[in-house]
Amino acid sequence: MTITFITGANKGLGRETARRLTEHGHTVLLGARDREQGEKAAAALGARYVPLDVSDDASVAAAAENVAAREGRIDVLINNAGVHGPAGDPSTLTAADALAVLDVNVIGVIRTTTAFLPLLRRSDDPVIVNVSSGMGSLALTHDPTRPESHVVAPLYTASKAALTMLTTQYAKGLKGIRVNAADPGYTATDLNGHSGPQTVTEGTDAIVALATEGPAAGTGRFVSRHGEIAWS
């Protein structure tokens, strides 16, 4: 039985990923800050709720200890939790704004990955999926035919560019673990006021594919629902 831990899984892409992987036969551990929402989502999906705030060292450590005591390992870690931050004119951005976004979208991934690595290393086929975004791609944000090129979201885009590069470095440095990044595409979620044209099911296609592919699949890739994409 594949055991999968998903961060930020009480709503949006995380919840839909949890639903689909549960249907796929995974034992899903649903990490979320809000206990009420997390427990409600877990009960509805047939998952197990684990309290987790990726911006808090103690919370992340406690979550890893919780899983170590109950399941003893995980096979797949999906770093999904994310925040958007300010959009539009960047002239009023503050250091506090930047720290708040980076603390979840990048540093939160580092906290969680480091804490859960001992559990992943007990798996026969350990996998990490980082939910990044085409919004962090130079190519896509400079292509006028792409929706990514029409959005000004300085901190979100910067954090996702950093996350994709972090993914490639993990892929090189973590031997025996497949580490890939997923681009959900422009999906209707709370993050964008449900303005995206894709459904959450379409938005989780790449995440689910990376979480369920076989041991021979590659590492260090950036993948959308349409296939591998260039980051630069």
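Position labels on residues start from 1 in each chain and follow its written sequence. Selection of residues for local features in this predicted model requires a pLDDT of at least 70, selection of side-chain atom pairs for listing and counting requires 80 or more, and totals for whole chains, interfaces and linings are taken over all residues. Note: side-chain values were computed over all heavy atoms of the structure, leaving out hydrogens and water.

Colleague: Help me understand the pairing of strand E2 (residues 27-32), please; the structure alone is not making it clear to me.
Modeller: Note on exposure labels: buried denotes an accessible area under 20% of the residue type's maximum, exposed denotes more than 50%, and partly exposed covers the range between, all computed with a 1.4 Å probe on protein chains only. Numbered from the N terminus, helices here are DSSP runs of H or I no shorter than four residues, and strands are runs of E no shorter than two. Along E2, 5 of the 6 residues are buried, which leaves the element largely enclosed by surrounding structure. Across 4 bridges, strand E1 (residues 3-6) lies against E2 in parallel orientation. If you follow Ile6 over to E2, its bridge partner there is Leu30. Handedness of the crossover is the feature at issue here: the chain leaves E1, passes through helix H1 (residues 12-23), returns alongside E2, and the resulting connection is right-handed. Strand pairing is assigned whenever DSSP identifies at least 2 bridges connecting the two strands. Relative to strand E3 (residues 48-51), E2 runs parallel, the two sharing 4 bridges. Paired with Leu30 across the bridge in E3 is Tyr49. If you view a crossover with the strands going away from you and the path from the first strand over the helix to the second runs clockwise, you call it right-handed. Chirality of the crossover, the property in question, places the unit of E2, helix H2 (residues 35-45) and E3 among those that are right-handed.

Colleague: What am I meant to see in the packing of aromatic side chains here?
Modeller: Here a ring pair, both rings aromatic, is described through the centre-centre distance and the interplanar angle of the planes. Pairing of aromatic side chains here covers Phe, Tyr and the six-membered ring of Trp, requires ring centres within 6.5 Å, and sorts the geometry by plane angle: under 30 degrees stacked, over 60 edge-to-face, intermediate tilted. Evaluated as defined, the whole model comprises 1 aromatic pair. Measuring from ring centre to ring centre gives 4.6 Å for Phe5 and Phe116, while their planes differ by 40°; the resulting arrangement is tilted. Of the two residues, Phe5 is situated in strand E1 and Phe116 in helix H5 (residues 107-120); the sequence distance between them amounts to 111 residues. Judged by relative accessible area, which is 0%, Phe5 ranks as buried. Judged by relative accessible area, which is 0%, Phe116 ranks as buried.

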